[in-house]
Amino acid sequence: MSILRIAASAQNHSTVDIPKQSRRHGVGWVSQPDQRGTIDILWGCFLVLFVCVWVVMHHNVPMKRETLRESATRKFRWVMLAICAPETLTLFAVMQWNSANISVREMHALEHNDWTTVHAFYANSGGFVLHTEDCPPFPINSKSIHYLCSKGWIEAPTISREDIWDRSKADLFAKGFAVFQTGWILVQCIGRGAQKLAITPLELFTIAFILPTIATAFFWANKPQNVAETTVIRPKWLIADVLIEAGEAAKQPYIDTPMDFVEKPPWEGWKRRPSLLHFGGLERRPLARIPNDYSPPPPTGKEATFIWLISIVHAGIHLIGWNFDFPTQIEVLLWRVSSIVLVVIMLVGGAVPVISTRPWFDFSFNLLWIWVIDARKSTWIRRNLFNWVVNFAYLVYIIARVLIFVEMFMSFRSLPENAYADVSWSAFLPHLS
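Residues numbered from 1 in each chain as written. Predicted model: local features only at pLDDT ≥ 70, side-chain atom pairs only at ≥ 80, totals over all residues. Heavy atoms only, no water.

Q: Lay out the sheet that holds strand E6 (residues 365-367) with the relevant residues and their values.
A: Across the sheet, which stays open at both edges, the three strands sit in the order E5-E7-E6 with antiparallel pairing between neighbours. For this open sheet the edge positions go to strand E5 (271-272) and E6, each flanked by a neighbour on one side alone. For E5 and strand E7 (residues 371-373), the ladder comprises two bridges, and the chain directions are antiparallel. Across the sheet, the residue bridging to Lys-271 is Val-372, located in E7. (Pairing = 2+ DSSP bridges. Helix = DSSP H or I, 4+ residues; strand = E, 2+ residues; numbered from the N terminus.)

This is the structure:
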């Protein structure tokens, strides 16, 4: 939090009033022959955002014969999510991390001690594909692997952790570069704060982006990145044999794959919104790939609380711009109101997923308009109360986010003059007399 206090002090002009236009001498586009210019600021922030997103994104295994357009569209959606709502990406990373650790404990209980979190992440990404004679091939996650092993249908996969990691496209150079760029922009902002030099709204946004991105990178550290090659399991038995032996548990028609009777119960009532079941190239049944947002089981109380705190801090960083010099007083108000809205939404709306993990919670609501859960006791209040609260929170959050984005770039038409002054690093060196 010392970073935040230093950065805030750089913008504190000894008054909390809205800056008056008569007090400032704003400048627009600045070239960079002798000092940092507009391009330097834009390039530095965009480079951090791009490299961090490139490094942190760990997509699930794509389906075979996926077209370039389908792949690019899917990845673009997730890139936009990572930039616009990085705490949401952290939520998925935490849930997948939890699922991977549960899988390791379950497999070790069967004495399959070579099973690691890398195997579990690989399985939950769609790395293992079951291909029987009576059914098109489909991916099976770690729950299905455990079930089939425990029932004697298959042996534990023999692929090693190293072989899986060899299929990963994790780039150590890119990760190192991301760490360097992230560290540099943090150091630069600390230096600017210490020397009372202005920090731009775009730089503040980038700093806010870094916190949840670091958390996401931590929880996905053992997830193979952008693997394209699957491990196919070809048993001699039929999938019908498995369903028959399962009996009553498998009597319902499946929604995604024939192994739904194993993979769906851990979701504890959560389900994908029916209108999105076939969205994003998921028309085929059984599914040809596991979507990136399939993250069983739902977050525990500790995980939901962690994401809640990350979200609050991420939103709160925008409040550092309370006394930033914007071109007009209206823009100052828009930034302040939007920042307050983000914090309040995270404080109040973010608490709903946390309390939803309690056993007594019995209300319908949705997560990110994608995942829904229905109340066990269907009354009007239970069906609508939290749904309305959450939907309203999502809508207001999006509006505030859009205003923040607009202000970030509109501010470049008239920034304080010292926003373009370079940090005098030599001033931090001890002077010898």
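Resuming the write-up.
Q: Which residues make up the nonpolar core, and what values do they have?
A: In terms of nonpolar packing, the biggest core is built from 104 residues, with Phe-128, Ile-140, Ile-145, Leu-148, Val-242 and Met-259 touching the most fellow members. Element by element, the count of residues in this core is highest for helix H4 (residues 86-109), at nine residues. Among all residues touching Leu-148, those that are not within four sequence positions of it are Leu-130, Ile-140, Trp-153, Ile-154, Trp-237, Val-242 and Met-259. (Core = buried A, V, L, I, M, F, W, Y, C linked by side-chain atoms within 4.5 Å. Buried < 20%, exposed > 50% of the residue type's maximum accessible area, 1.4 Å probe, protein only. Contact = heavy atoms within 4.5 Å.)

Q: Outline the sheet that holds strand E3 (residues 138-139), supporting the account with residue identities and numerical values.
A: Read from one edge to the other, the open sheet built from three strands follows the order E3-E2-E4, with strand pairing classed as mixed. Edge positions in the sheet fall to E3 and strand E4 (231-233), since each of these pairs with one other strand and no more. Relative to E4, strand E2 (residues 128-130) is paired through three bridges, and the arrangement is parallel. Directly across from Phe-128, in E4, lies its bridge partner Thr-231.

Q: Before we move on, can you summarise unusual backbone geometry with the specific residues and values?
A: Apart from glycine, the bulk of residues carry a negative phi angle, and the bulk of peptide bonds sit in the trans form. Cis geometry is adopted by the peptide bond preceding Pro-286, which originates at Arg-285 and carries an omega value of 0 degrees. Take Pro-286: it is sitting in the loop between E5 and helix H12 (301-316). Its identity is not glycine, yet Arg-65 carries a phi of approximately 65 degrees, on the positive side. In this structure, Arg-65 sits in the loop between helix H2 (38-56) and helix H3 (68-84). Positive phi outside glycine occurs at Asn-226, with the angle close to 50 degrees. Of note, Asn-226 is situated in the loop between helix H9 (201-219) and E4.

Q: Tell me about the packing of aromatic side chains, and name the residues and values.
A: Under the counting rule described, the total for this entry stands at 18 aromatic pairs. With a centroid separation of 5.1 Å and an interplanar angle of 70 degrees, the aromatic rings of Trp-97 and Phe-219 are classed as edge-to-face. Placement of the pair is Trp-97 in helix H4 and Phe-219 in helix H9, with a sequence separation of 122 residues. Accessibility expressed as a relative area gives 33% for Trp-97, which makes it partly exposed. Judged by relative accessible area, Phe-219 falls into the buried class, the value being 8%. Counting every residue linked through ring pairs, the aromatic cluster contains Trp-97, Phe-218, Phe-219 and Phe-306. Cation over ring: Arg-161 sits above Trp-165, and NZ or CZ is 5.7 Å from the ring centre. The positively charged end of Arg-382 is found above the aromatic ring belonging to Phe-363, 5.5 Å away from the centroid. (Phe/Tyr/Trp six-rings, centres within 6.5 Å; stacked < 30°, edge-to-face > 60°. Lys NZ or Arg CZ within 6 Å of the ring centre and 35° of its normal.)

Q: Would you mind going over the environment of Val-56 in detail, with residue names and values included?
A: Summarising the element assignment, Val-56 is placed in helix H2. For the pair Val-56 and Leu-89, spaced 33 residues apart in sequence, the C-alpha separation works out to 9.5 Å. Beyond its immediate stretch of four places on either side in the chain, Val-56 contacts Leu-89, Thr-213, Thr-216, Ala-217 and Trp-220.

Q: So what about helix H10 (residues 239-246)? Which residues, and what values?
A: Within H10, the full set of buried residues consists of Ile-239, Val-242 and Ala-246. An end-on view of H10 places all buried positions within 60 degrees of arc, on one side of the element. Looking at the buried side of H10, the elements it contacts are E2, E3, helix H6 (142-150) and helix H11 (260-263). Phi for Gly-247, located one or two positions after H10, is positive at around 65 degrees. (Arc of directions from axis to C-beta.)

Q: I'd love a proper account of the packing of H4 against H12, names of residues and values included.
A: Contact geometry of H4 with H12 gives a least axis separation of 10 Å together with a crossing angle of 160 degrees. It follows that H4 is roughly antiparallel to H12 by the angle criterion. Handedness of the crossing formed by H4 with H12: right-handed. Between H4 and H12, the contacting residues are Pro-86, Glu-87, Thr-90, Leu-91, Val-94, Trp-97 and Asn-98 on the first element and Glu-303, Phe-306, Ile-307, Ser-311 and His-314 on the second. (Axes fitted to C-alpha atoms, helices over the stretch in contact; angles between N-to-C directions. Parallel < 35°, antiparallel > 145°, perpendicular 65-115°, else oblique. Left-handed = near helix turned anticlockwise from the far one by under 90°.)

Q: Describe the environment of Ile-255, and please don't skip the residues or the numbers.
A: Turning to its location among the elements, Ile-255 is positioned in the loop between H10 and H11. According to the relative accessible area criterion, Ile-255 is partly exposed, its value standing at 47%. Placed 22 residues apart in sequence, Ile-255 and Leu-277 show a C-alpha to C-alpha distance of 8.6 Å.

Q: Run through the side chain of Thr-213, naming residues and quoting values.
A: Looking at the secondary structure, you find Thr-213 in helix H9. What makes Thr-213 buried here is its relative accessible area of 9%. From its side chain, Thr-213 meets the backbone oxygen of Phe-209 in a polar contact 2.7 Å long. When residues no more than four places from it in sequence are discounted, the contact partners of Thr-213 are Cys-52, Val-56 and Pro-86. (Polar contact = N/O pair within 3.5 Å; in protein donor to acceptor, adjacent residues only side chain to side chain.)

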